[in-house]
Amino acid sequence: MNALARILAARIRGTGPIGLADFMTAALFHPEHGYYLTRDPIGARGDFVTAPEVSQMFGELIGLWCAETWRQMGAPRPFILAELGPGRGTLMADALRAAKLVPGFLDAMSLHLVEASPALRAAQARALAPFNPTWHGRADDLPGGPLILIANEFLDVLPIRQFVRAEDGWHERRVGLDGEEFAYILSESKTDFSGDGSVGSVREMSPQARELGASLGARLARQGGAALFIDYGYTRSGFGDTLQALRAHRRHDPLADPGEADLSAHVDFAAFAAAAAGARAFGPVEQGLFLRRLGIRERADRLRAGANATQAAAIERGYRRLVDPEAMGSLLKVLALAHPSLTLAGFEGEA
Ligand code: SAH
């Protein structure tokens, strides 16, 4: 057992099994041993690769989406441009390089980043220094006013609870001990979780995702703006167990070695959008379709025109990885929340 596992095991021995959300929170964000607090996990040498690290086109197109949304909002000045979980800052740096071509956008913008990891805050500071960002610990701490918010692979890290259907109703799945190893244990009493499902089926829900949806929805309805979420997820609720751990690009046992592997769960987009009542929800649409609607093919051709053969091949590989259904194009989905007066690029016919 590693140090964090010993801490969690002592807690379980003392007071009994803990909820999965508590286990995930500790594994990801324990102040001393949490996964995101002890490393930069992204990239070839880390545990996973994200879309902005695959190709600059991803961030550039999202930057143009932000600029177009700002224009739709009536070009307010000032406005808040925010990102949740900006990783290395690559997405925002690419986005701002593209959006600065739109007159007035950069001057009107005030940049705010929500990030828990000190290592990643340092990387973001390097990537985004010219834009003078302000950091926050939580989305609720963002300053008021018209908002454009983006978040790539953020919702899938928010801790989840899991429920298992028994004859008499839904019981919560908790993490207990089987000898020296963590194991799932069902709560003895029924929970008030409700939903359809045959005996043995598993359902997930993320209290934090719901709270975020509810507060963003209310804020966008009152103060205007839009929020764009790109994540692994499913369109209709009721998918089963989607908790997964990744370590060095391979699947890992989610309960083994807490703090040493990335833990995530697929996003229940329907539940997230429902929590955000007040705002209008657009999508989710598959990432490949969304990027094609924003013009990724034309952007790739334009970049290739000025590139040598090696660079051109890399641009095409990046395009394929972002768009192809077998790569990131289909499993990743895009959902937007917006003030009801807005129509958003990339979601034609989807609201
Ligand atoms: N968007 C980036 C990084 C994705 S990884 C990219 O696409 O490359 C998830 C990011 O969210 C990391 O930056 C992580 O530190 C941050 N994060 C996850 N949960 C968080 C929380 N509850 N509060 C603040 N930041 C969080």
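The structure contained in this document is the topic of the report that follows.

About the thresholds
- Residues numbered from 1 in each chain as written.
- Predicted model: local features only at pLDDT ≥ 70, side-chain atom pairs only at ≥ 80, totals over all residues.
- Heavy atoms only, no water.
- Helix = DSSP H or I, 4+ residues; strand = E, 2+ residues; numbered from the N terminus.
- Contact = heavy atoms within 4.5 Å.
- Polar contact = N/O pair within 3.5 Å; in protein donor to acceptor, adjacent residues only side chain to side chain.
- Core = buried A, V, L, I, M, F, W, Y, C linked by side-chain atoms within 4.5 Å.
- Buried < 20%, exposed > 50% of the residue type's maximum accessible area, 1.4 Å probe, protein only.
- Pairing = 2+ DSSP bridges.
- Axes fitted to C-alpha atoms, helices over the stretch in contact; angles between N-to-C directions.
- Near = heavy atom within 4 Å.
- Areas by Shrake-Rupley, 256 points an atom, 1.4 Å probe, with all protein chains shown as cover.
- Nonpolar A, V, L, I, M, F, W, Y, C, P; charged D, E, K, R; others polar.
- 1 Å grid on protein atoms, 1.4 Å probe; cavity = no way out; pocket = protein on both sides within 12 Å on 5 of 7 lines; lining within 4 Å.
- Points joined across faces, edges and corners; volume = space filled by probe spheres on them.
- Expected span 1.5 Å × (residues − 1).
- Arc of directions from axis to C-beta.

1. Thoughts on the environment of Arg251
When you line up the elements, Arg251 lands in strand β12 (residues 250-252). In contact with Arg251, other than residues within four places in its own chain, are Gln244, Ala245 and Leu246. For Arg251, the side chain forms a polar contact with the side chain of Gln244, separated by 2.9 Å.

2. Quick word on the nonpolar core
Ranked by internal contacts, the top residues of the largest apolar core, which has 48 residues, are Trp65, Leu81, Phe105, Leu228 and Phe347. Of all the elements, helix α4 (residues 56-72) adds the most residues to this core, at eight residues. Apart from residues lying up to four places away in sequence, Phe347 is in contact with Trp65, Leu228, Phe282, Gly283, Val285, Phe290, Arg293, Val334, Leu335 and Ala336. Residues Ala27, Phe182, Leu243 and Ala265 belong to the second largest nonpolar core, which totals 28 residues.

3. Some details on the sheet that holds strand β11 (residues 244-247)
Across the sheet, three strands lie side by side as β12-β11-β13; this open sheet has antiparallel pairing. The two strands at the open ends of the sheet, each matched to only one other strand, are β12 and β13 (262-264). Pairwise comparison of adjacent strand axes, ignoring direction, gives a mean angle of 40° for this sheet. Judged from the three bridges that link them, β11 and β13 form a sheet pairing that is antiparallel. Opposite Ala245, over in β13, you have Leu263 as the bridge partner.

4. Thoughts on the site of the ligand
Around the ligand lies a shell of 17 residues, among which Phe29, Thr50, Gly85, Glu115 and Asn152 are the nearest. With respect to the ligand, the backbone of Gly85 contributes an N or O atom lying 2.7 Å from a nitrogen atom. The backbone of Ala116 places a nitrogen or oxygen atom 3.2 Å from a nitrogen atom of the ligand. About the coverage of the ligand: the protein hides 94% of its 570 Å² of free accessible area. Each residue belonging to the shell around the ligand can be placed in one class, and the counts come to nine nonpolar, six polar and two charged.

5. Observations concerning empty space enclosed by the protein
All chains considered together, the criterion is met by two cavities of 30 Å³ or more. Each pocket or cavity is described by its volume, and for the largest cavity that value is around 160 Å³. Taken together, 15 residues make up the lining of the largest cavity; nearest its centre are Ser206, Ala209, His266, Val267 and Asp268. Those elements that place two or more of their residues in the lining of the largest cavity are β9 (202-205), α8 (207-223), β14 (267-268) and α9 (269-275). For the lining of the largest cavity, the per-class residue count stands at ten nonpolar, two polar and three charged. Counted as a void, the second largest cavity has a volume near 30 Å³. For the second largest cavity, the full set of lining residues is Gly63, Cys66, Leu81, Met92, Ala95, Leu96, Ala99, Phe105 and Ile150.

6. Description of helix α1 (residues 3-15)
A rise of 1.5 Å per residue sets the reference length of α1, with its 13 residues, at 18 Å; its end C-alpha atoms lie 19 Å apart and thus fit the reference within 8%. Listed as buried for α1 are Leu4, Ala5, Leu8, Ala9 and Ile12. Axial view of α1: buried residues confined to an arc of 130°, hence all on one face. Looking at α1, the residues exposed on the side facing more than 90 degrees away from the buried face are Arg6, Arg13 and Gly14. Those residues of α1 that are buried lie in contact with β1 (18-19), α2 (20-29), β7 (169-178) and β8 (181-186). After α1 finishes, the residue Gly16 shows a positive phi value of roughly 100°.

These values are about where atoms sit, not about what they do.
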